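Reading the structure
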Amino acid sequence: MLILGLQGSPRKKGNTEFLLSLFMAEARKYGARTHIVDVCRKHIEPCREFTTCEKKGFCPEIYPLLRKADVVVPASTVFFYNVTAQLKALIDRSQTLWARNYRLKLTDPNRGMRRGFMLSQGATKGKNLFLGVDLTARYFFDAVGAAYAGSLYYWEIEHRGDMEKHPKVREDVAAAVKTLLEPYQGRRKILFAGRRNAARSQMAAAFAQMNGGKIIDVSMGGVAPAEQIDPLAAAVMAEKGIDMMFRIPESLDDALAGETPETIVAMDTVEIGDTRASARVDWDLPDAEGLDIEGMRRLRDEIEARVSDLIQPPTS
Ligand SMILES: Cc1cc2nc3c(=O)[nH]c(=O)nc-3n(C[C@H](O)[C@H](O)[C@H](O)COP(=O)(O)O)c2cc1C
């Protein structure tokens, strides 16, 4: 489970930074992996409406993270009744993901399980202070395929240290994180292991997220990860309306670091090494490399059927 924080305020050691760090520390208590992008240091160009990013994307780092995240947590102070311009630039660039879903009708496999949670604070006390922030957050979440799961907003926070001194912030964050991460608890951890994590284990992970995300915590990895997903695998998944764009091959070592999957599903006789997994299942699938489109379709369908068996509760 990955929680992605988008730190949108430029001030170092400021109120937003404190609030987001507190939130992430709380999430780690539930076994989540956390990653914070310091958005203001990414120098993201505002959208120029050329729509090229709708086809190509704009950043080798941000889209894959947005796709990998189970929970997206933007955090921003209020600048003129909205998020900061830096965070807004990133948000505008998520138009790419909006277009893939709504224009190209391709579904991100993790869309059903992803949640979005907004954090913000500002200096004044008017009741409309967070209207702009909240609307922007809701539309952003829809674009990145995350269901709006709530927010924490704080009024009358101005100087460095004000957020930290707030009498209820720790209690609020603990309660919010508990509720937010509830649906992710108790899922069976399954790791799909392949050689390059470019085709078979990618397709398996995508089907498992899409059809079994409520009961399975999916991870994947390859012994020697490829540079990119096999384009033919992405093409045959797109035929089924599943979007593999911005998913990148991952290493098995990274997937296993600090994790204890209950089951490792190996695509073939791949050497996994020492793990604490309680079970290993071998699928003995043919290698995807060198397959023609028909072969890749057959492999996709075979993987989909096997994932479906994996998800079914055993019949007695
Ligand atoms: C350019 C700018 C615009 C701001 N606009 C607002 C505003 O519209 N409403 C408000 O209540 N506070 C506003 N503030 C105050 C900040 O929201 C406040 O100081 C906040 O705590 C700073 O958070 P940080 O420490 O995370 O940067 C503004 C501050 C700046 C620098």
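Residues numbered from 1 in each chain as written. Predicted model: local features only at pLDDT ≥ 70, side-chain atom pairs only at ≥ 80, totals over all residues. Heavy atoms only, no water.

The next point concerns the packing of helix α10 (residues 231-238) against helix α12 (residues 293-311). Orientation of α10 relative to α12, taken along the N-to-C sense of each, is 65 degrees, at an axis distance of 9 Å. Between α10 and α12 the crossing geometry is right-handed. Contacts from L232, A233, V236 and M237 of α10 reach α12 at I293, M296, R297 and R300. Within the contact of α10 with α12, the residues separate by chemical class into six nonpolar, no polar and two charged. (Axes fitted to C-alpha atoms, helices over the stretch in contact; angles between N-to-C directions. Helix = DSSP H or I, 4+ residues; strand = E, 2+ residues; numbered from the N terminus. Left-handed = near helix turned anticlockwise from the far one by under 90°. Contact = heavy atoms within 4.5 Å. Nonpolar A, V, L, I, M, F, W, Y, C, P; charged D, E, K, R; others polar.)

Glancing now at helix α9 (residues 200-212). One full turn of an α-helix is made of 3.6 residues, so residues set three or four places apart face in the same direction. For α9, spanning 13 residues, the distance from its first C-alpha to its last is 17 Å, which sits close to the expected 18 Å at 1.5 Å a residue. Across the 13 residues that make up α9, a large majority, eleven, are buried. Within α9 the residues assigned to the buried category are R200, S201, Q202, M203, A204, A205, A206, F207, A208, Q209 and G212. Contacts from the buried residues of α9 go to β6 (188-194), β7 (216-222), α10 and α12. (Expected span 1.5 Å × (residues − 1). Buried < 20%, exposed > 50% of the residue type's maximum accessible area, 1.4 Å probe, protein only.)

To continue, consider the packing of α9 against α12. As a packed pair, α9 and α12 sit with axes 9 Å apart at the nearest point and diverge in direction by 45 degrees. Judged by the inter-axis angle, α9 sits oblique to α12. Crossing of α9 over α12 shows right-handed handedness. Between α9, through R200, M203, A204, F207, A208, N211 and G212, and α12, the contact on the second element is made entirely by M296, L299, R300, I303, E304, V307 and I311. Residues belonging to the contact of α9 with α12 are distributed by class as follows: nine nonpolar, two polar and three charged. (Parallel < 35°, antiparallel > 145°, perpendicular 65-115°, else oblique.)

To continue, consider the packing of aromatic side chains. Under the counting rule described, the total for this entry stands at eight aromatic pairs. The interplanar angle of 40 degrees and the centroid separation of 5.5 Å between the aromatic rings of W98 and Y102 together place this pair among those described as tilted. Placement of the pair is W98 and Y102 together in helix α5 (residues 95-102), with a separation of four residues, close to one helical turn. In this structure W98 comes out as buried when scored by relative accessible area, which is 17%. On the accessibility criterion, Y102 (32% relative accessible area) is partly exposed. Between F130 and Y153, the ring centres sit 4.7 Å apart and the planes meet at 10 degrees, which makes this aromatic pair stacked. Separated by 23 residues along the polypeptide, F130 in the loop between β4 (115-121) and α6 (131-143) and Y153 in strand β5 (residues 147-154) bring together distant segments of the chain. In this structure, F130 and Y153 share a single accessibility class: buried. In this structure an aromatic cluster arises from ring pairing among F130, Y153 and W155. Over the aromatic face of Y148 sits the side chain of R138, whose NZ or CZ is 3.8 Å from the ring centroid. (Phe/Tyr/Trp six-rings, centres within 6.5 Å; stacked < 30°, edge-to-face > 60°. Lys NZ or Arg CZ within 6 Å of the ring centre and 35° of its normal.)

Each assigned domain of the protein chain is listed with its residue range as follows: domain 1 (2-184) and domain 2 (188-311). For domain 1 and domain 2, the distance between their C-alpha centres works out to 29 Å. At the interface, 18 residues of domain 1 touch 18 residues of domain 2. Note on domain 1 versus domain 2: buried area summed over both sides is about 1500 Å², and carbon and sulfur give 54% of it. Contact with domain 2 buries area across many residues of domain 1, yet R33, R67 and P109 alone supply 38% of it, more than any other trio. Connecting domain 1 to domain 2 are four salt bridges. Between E259 and R33 there is a salt bridge, with its nearest N and O atoms 3.1 Å apart. Put simply, the parts of the chain that give the side of domain 1 that touches domain 2 at least two residues each are α2 (52-56), α3 (62-68) and α5. Here the side of domain 1 that touches domain 2 gets four residues from one element, more than from any other, and that element is α3. Counted by class, the side of domain 1 that touches domain 2 contains six nonpolar, four polar and eight charged residues. (Domains from an automatic or database assignment. Buried area = accessible area lost by both parts, 1.4 Å probe. Salt bridge = Lys/Arg side-chain N within 4 Å of Asp/Glu carboxyl O.)

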